[in-house]
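Observations on chain architecture
Below, each chain spelled out in residue letters.
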Amino acid sequence: MKICVLPGDGIGVEIIAEAVRVLEALRSDGVKLELEYAQLGGCAVDATGSPYPEATQKLARAADAVLLGAVGGPKWDVLPRPQRPERGLLGIRKDLNLFANLRPAILYPELANASSLKPEVVSGLDILIVRELTGDIYFGEPRGITIEDGKRVGRNTMIYNEDEIRRIGRVAFEAARKRGKKVCSVDKMNVLETTQLWRDVMIELSAEYPDVTLSHMLVDNAAMQLVRAPKQFDVVVTGNIFGDILSDEASMLTGSIGMLPSASLDENNKGMYEPSHGSAPDIAGKGIANPLATILSAAMMLRYSFNNEAAAVRIENAVKKVLAQGLRTGDIWEDGCKRVGTREMGDAVIAAL
Ligand code: IPM
Ligand code: MG
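Residues numbered from 1 in each chain as written. Chains lettered and ligands numbered in written order. Predicted model: local features only at pLDDT ≥ 70, side-chain atom pairs only at ≥ 80, totals over all residues. Heavy atoms only, no water.

**Notes on the domain arrangement of the protein**
The domains assigned to the protein are domain 1 (1–99 + 266–353) and domain 2 (107–259). Summarising the inter-unit geometry, the C-alpha centres of domain 1 and domain 2 are found 23 Å apart. Each partner contributes to the interface: domain 1 provides 20 residues, whereas domain 2 provides 18 residues. Between domain 1 and domain 2, roughly 1,900 Å² of surface is buried when both sides are summed, and carbon and sulfur atoms account for 63% of that area. Contact with domain 2 buries area across many residues of domain 1, yet Arg93, Lys94 and Phe99 alone supply 30% of it, more than any other trio. When the shortest N-O distance is used, the salt bridge between Arg167 and Glu267 registers 3.8 Å. Our enumeration of links across domain 1 and domain 2 arrives at six residue pairs in polar contact (both at pLDDT 80 or more). Only helix 4 (85–95), helix 10 (292–304) and helix 11 (309–324) provide two or more residues apiece to the side of domain 1 that touches domain 2. When grouped by side-chain class, the residues that make up the side of domain 1 that touches domain 2 number nine nonpolar, four polar and seven charged. (Domains from an automatic or database assignment. Contact = heavy atoms within 4.5 Å. Buried area = accessible area lost by both parts, 1.4 Å probe. Salt bridge = Lys/Arg side-chain N within 4 Å of Asp/Glu carboxyl O. Polar contact = N/O pair within 3.5 Å; in protein donor to acceptor, adjacent residues only side chain to side chain. Helix = DSSP H or I, 4+ residues; strand = E, 2+ residues; numbered from the N terminus. Nonpolar A, V, L, I, M, F, W, Y, C, P; charged D, E, K, R; others polar.)

**A short note on the site of ligand 1**
Every residue close to ligand 1 is listed here: Glu86, Leu89, Arg93, Arg103, Arg131, Tyr138 and Asp244. Separating an oxygen atom of ligand 1 from a side-chain N or O atom of Arg103 is a distance of 2.8 Å. Separating an oxygen atom of ligand 1 from a side-chain N or O atom of Asp244 is a distance of 2.9 Å. In isolation ligand 1 exposes 320 Å². Once the protein is present, 75% of that is buried. A majority-of-atoms criterion places ligand 1 in the second largest pocket. (Near = heavy atom within 4 Å. Areas by Shrake-Rupley, 256 points an atom, 1.4 Å probe, with all protein chains shown as cover. 1 Å grid on protein atoms, 1.4 Å probe; cavity = no way out; pocket = protein on both sides within 12 Å on 5 of 7 lines; lining within 4 Å. Sits in = over half its atoms within 2 Å of the grid points.)

**Digging into the environment of Arg143**
One can find Arg143 in the loop between strand 5 (126–132) and strand 6 (144–148). For the pair Arg143 and Asn97, spaced 46 residues apart in sequence, the C-alpha separation works out to 21 Å. The residues contacting Arg143, other than those within four sequence positions of it, are Tyr138, Arg155 and Asn156.

**Some words on the packing of helix 1 (residues 12–27) against helix 12 (residues 342–352)**
Two numbers describe how helix 1 lies on helix 12: the axes approach to 9 Å, and their chain directions differ by 15°. As summarised for this structure, helix 1 and helix 12 are arranged roughly parallel, according to the angle between their axes. For the crossing formed where helix 1 meets helix 12, the hand is right-handed. Contacts from Glu14, Ile15, Glu18, Arg21, Val22 and Ala25 of helix 1 reach helix 12 at Thr342, Arg343, Gly346, Asp347, Val349 and Ile350. For the contact of helix 1 with helix 12, the residue count by class is five nonpolar, two polar and five charged. (Axes fitted to C-alpha atoms, helices over the stretch in contact; angles between N-to-C directions. Parallel < 35°, antiparallel > 145°, perpendicular 65-115°, else oblique. Left-handed = near helix turned anticlockwise from the far one by under 90°.)

**So, the layout of surface pockets**
Its volume calculated, the largest pocket comes out at about 1,000 Å³. Lining the largest pocket are 38 residues, and of these Leu102, Leu128, Met300, Arg303 and Tyr304 lie nearest its centre. Breaking the lining of the largest pocket down by element, the ones donating at least two residues are strand 4 (100–106), strand 5, helix 6 (162–177), strand 11 (261–265), helix 10 and helix 11. Counting residues per element, the lining of the largest pocket draws most heavily on strand 4, at five residues. Here the residues of the lining of the largest pocket sort into 21 nonpolar, four polar and 13 charged. Each of two domains, domain 1 (1–99 + 266–353) and domain 2 (107–259), supplies a minimum of three residues to the lining of the largest pocket. Quantified by volume, the second largest pocket comes out at close to 880 Å³. For the lining of the second largest pocket, the element with the most residues is helix 4, which contributes five residues. In terms of residue class, the lining of the second largest pocket is made up of twelve nonpolar, ten polar and 14 charged. Each of domain 1 (1–99 + 266–353) and domain 2 (107–259) contributes no fewer than three residues to the lining of the second largest pocket. (Points joined across faces, edges and corners; volume = space filled by probe spheres on them.)

**Observations concerning the packing of helix 6 against helix 7 (residues 193–206)**
Two elements in contact, helix 6 and helix 7, have axes separated by 9 Å at closest approach and are oriented at 50°. It follows that helix 6 is oblique to helix 7 by the angle criterion. Where helix 6 crosses over helix 7, the two elements pack in a sense that is right-handed. Seen from helix 6, the contacting residues are Glu162, Ile165, Arg166, Ile168, Gly169, Arg170 and Phe173; seen from helix 7, they are Leu197, Trp198, Val201, Met202, Glu204, Leu205 and Ser206. In the contact of helix 6 with helix 7, the residues fall into eight nonpolar, two polar and four charged.

**Re the sheet that holds strand 1 (residues 2–8)**
Two strands in a sheet stick together by hydrogen bonds in their backbones, pointing the same way (parallel) or opposite ways (antiparallel). On the basis of which strands lie adjacent, the open sheet formed by ten strands has the order 2-1-3-12-11-4-5-10-8-9 and mixed pairing. In this open sheet, the two edge strands, each paired with only one partner strand, are strand 2 (34–37) and strand 9 (213–218). For this sheet the average axis-to-axis angle between neighbouring strands, irrespective of direction, equals 20°. Bridge count between strand 1 and strand 2: four bridges; the pairing is parallel. Across the sheet, the residue bridging to Ile3 is Leu35, located in strand 2. Running at roughly 155° to strand 1, helix 1 makes contact with strand 1, strand 2, strand 3 (65–70) and strand 12 (271–275) of the sheet. (Pairing = 2+ DSSP bridges.)

So this is what it looks like as structure tokens:
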């Protein structure tokens, strides 16, 4: 298994170290790993001037999977847009054709009190957000800031073609088949033609999946329903921008965005795996960041890219065990639990393996 490791910026470095240690711990059980490190984001800009430099492109393309920490930080926010770390992230997603972003939001029973919602609203929560990742207003042309009639005008283009919608729809339907057999497609068809097409294509596609129930929801209502009654959802499929927003919202149902892994897959299950959270510059370098989202991302990597369900489940069970033991990083800490740092959390997961 050839893995391209991209620690990135901020807490990325610390949390990736723990995920790698967890993977290394599986090595003795016959999981064969080849790790190659490269730079993405702000660190890459500092070293090469580009957020997704050629050396990284080469390694990422040649690898079977990419494991990413996080990118970005205030230091680079002042740079011209093409040199910003976020551009590196969008660049690698597009370059590797990672159109399917899977963001599970699972509430571990031990963390029911860490959610800002009432425990009964979130207990047992298990949602999968399937976000389209290489299209929509994120990449649509024309885009930019221009001067028109003496005024500055900002422009982006929301655009999807039917093939793009169909292929992400398939990912959602297939995923639902292995879970609760429900897909809720989120759009804004009452206003936006792009998403009228989205809805039409989802309805056409659903004919191929008679065993899965398809429903539709407007994005504003979906945002509301996610905090009102989140357990009504099984698989949620939506476009890039809506998925960006709804997945952050869903993450808080689980108590902390520090718990949420993600997988971004191409058509052949080559994937990039990263926590759903960012680089958290405010706590970077302090050794207090929660490494669990990244460790759980490594589990997703074993599952989707390496077809090693057993190893994935081992990691996930180890995380559950550590939570049951009462170990918590600051973001999920509550009275009566033991507050631990990044490294200690990694140690505990490895011990629990
Ligand atoms: C995410 C992030 C990125 C996105 C940013 C950092 C470009 O918010 O992965 O959700 O908007 O996709
Ligand atoms: Mg986001």
